[in-house]
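# Observations on the three-dimensional arrangement
The primary structure of each chain is shown beneath.
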Amino acid sequence: ISSSAKIGKNATIQAGVVIEDGVEIGGDVFIGANVFIGRNSEIGTGCKIYQNVVIYNSTIIGNRSIIHGSAVLGCDGFGFVPGENQHYKIPQIGRVVLGEDVEIGANTVVDRATIGETIIDKMTKIDNLVHIGHNVQIGKACLITAQVGIAGSTKVGDNSQMGGQAGVVPHVEI
């Protein structure tokens with residue numbers, strides 16, 4: 001745990017957790033074993049971050065949110081420019097922002113934005129094994145279940161529901 005991390009009162013931090021520089025964690029937070037929290041991330045009060053979760057740098061998690069085991073927040077999105085002899089990686093320099101009371105299921109992945117923010121707004125619940133691409137914006141109180149994949153730069157409106165292996169193409173509005 002970095003000496004520059006700020007950890008609120010009554011936080012539970014289990015064995016094997018890594019907390020990098022500049023992280024802020026609110027009070028009454030549970031952080032399960034082997035969680036990684038990257039630099040300059042913020043976790044609000046009353047959150048539960050279960051075992052083996054990976055939170056990349058600069059990720060923001062709102063109050064009372066729950067992240068289930070082995071979820072990954074803030075990894076690079078799939079950004080490449082094809083070339084004749086190689087594919088060129090586009091830097092992914094944005095971040096992920098979760099609102100209050102968001103729940104992310106086990107083994108779900110939320111990509112960081114290429115630039116700007118990938119946003120999941122308050123009260124949205126996301127099931128296990130869901131993929132949220134870079135620069136996606138998901139509105140308030142959405143329900144997303146059962147292996148849904150949402151491609152980059154998609155906007156999903158408030159109270160939307162998706163399930164059953166639905167796939168959403170990039171750059172659309174729902």
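The structure contained in this document is the topic of the report that follows. (Residues numbered from 1 in each chain as written. Predicted model: local features only at pLDDT ≥ 70, side-chain atom pairs only at ≥ 80, totals over all residues. Heavy atoms only, no water.)

### Topic: the environment of N107
The line we're drawing: Numbering goes from the N terminus for both helices and strands, where a helix is a DSSP run of H or I of at least four residues and a strand is a run of E of at least two. By the convention used here, residues are in contact when the closest approach between their heavy atoms is within 4.5 Å.
Mapped onto the elements of the fold, N107 is located in the loop between β16 (103-104) and β17 (109-111). Expressed as a C-alpha distance, the spacing of N107 and C142, which sit 35 residues apart in the sequence, is 19 Å. In contact with N107, other than residues within four places in its own chain, are G69, S70, A71 and L129.

### Thoughts on the sheet that holds strand β26 (residues 167-168)
What counts here: Here a strand pair is declared whenever DSSP counts at least two bridges between the two strands.
Here 8 strands make up an open sheet; going across it, the order is β3-β6-β9-β12-β17-β20-β23-β26 and the pairing parallel. Because the sheet does not close on itself, it has two edges, and the strands there are β3 (18-19) and β26. Pairing of strand β6 (residues 36-37) with strand β9 (residues 54-55), which is carried by 2 bridges, proceeds in the parallel orientation. Across the sheet, residue I37 finds its bridge partner in β9, namely I55.

### Notes on the pairing of strand β15 (residues 95-98)
By the bridge criterion, 2 bridges tie strand β10 (residues 60-61) to β15 in an arrangement that is parallel. Bridge pairing links I60 to V97 in β15. In terms of strand pairing, β15 meets strand β18 (residues 117-120) through 4 bridges, oriented parallel. Paired with V96 across the bridge in β18 is T118.

### Looking at the environment of L98
Here L98 shows up in strand β15. For the pair L98 and K140, spaced 42 residues apart in sequence, the C-alpha separation works out to 11 Å. In this structure, L98 is in contact with I60, I61, G62, I67, L73, I104 and I120, ignoring residues within four places of it in sequence.

### A word on the nonpolar core
Short version of the rule: The criterion is simple. A nonpolar core is a set of buried Ala, Val, Leu, Ile, Met, Phe, Trp, Tyr and Cys residues joined through side-chain atoms within 4.5 Å. Type-normalised accessible area, obtained with a 1.4 Å probe on protein chains alone, sets the label of each residue: buried when under 20%, exposed when over 50%, and partly exposed for intermediate values.
If you look at the biggest cluster of nonpolar residues, it comprises 36 residues, and the most contacted ones within it are I49, I138 and I150. Those residues in contact with I138 that sit more than four places away from it in its chain are I119, I120, D121, T124, I126, I132, I144, I150 and V156.

### Some thoughts on the sheet that holds strand β7 (residues 42-43)
Here we have 8 strands laid out as an open sheet, ordered β1-β4-β7-β10-β15-β18-β21-β24, and parallel in their pairing. At either margin of the open sheet sits one strand with a lone partner, and together these are β1 (6-7) and β24 (155-156). In terms of strand pairing, strand β4 (residues 24-25) meets β7 through 2 bridges, oriented parallel. When the sheet's bridge partners are listed, E24 is paired in β7 with E42.

### Here we look at a nonpolar patch on the surface
Put simply, the rule is: Candidate patch residues must exceed 30% relative accessible area and have no salt bridge, after which like charges are joined if within 9 Å and Val, Leu, Ile, Met, Phe, Trp or Tyr side chains if within 5 Å. Accessible areas in this description were obtained via Shrake-Rupley with a 1.4 Å probe; residue shielding takes into account the shown protein chains only. Salt bridges are identified by distance alone: a Lys or Arg side-chain nitrogen within 4 Å of an Asp or Glu carboxyl oxygen.
A surface patch of nonpolar side chains, about 250 Å² in accessible area, is lined by V81, Y88 and I90. Mapped onto the elements of the fold, I90 is located in the loop between β14 (87-89) and β15.

### Considerations on the state of the cysteines
A covalent bond bridging the sulfur atoms of two cysteines is what the word disulfide describes. As a reminder of what qualifies: Cysteine sulfur atoms are paired as a disulfide whenever they come within 2.5 Å of each other.
Summed over all chains, the structure comprises 0 disulfides. Note on C47: no disulfide assigned, nearest cysteine sulfur contributed by C142 at a separation of 19 Å. Classification of C142 as buried rests on a relative accessible area of 0%.

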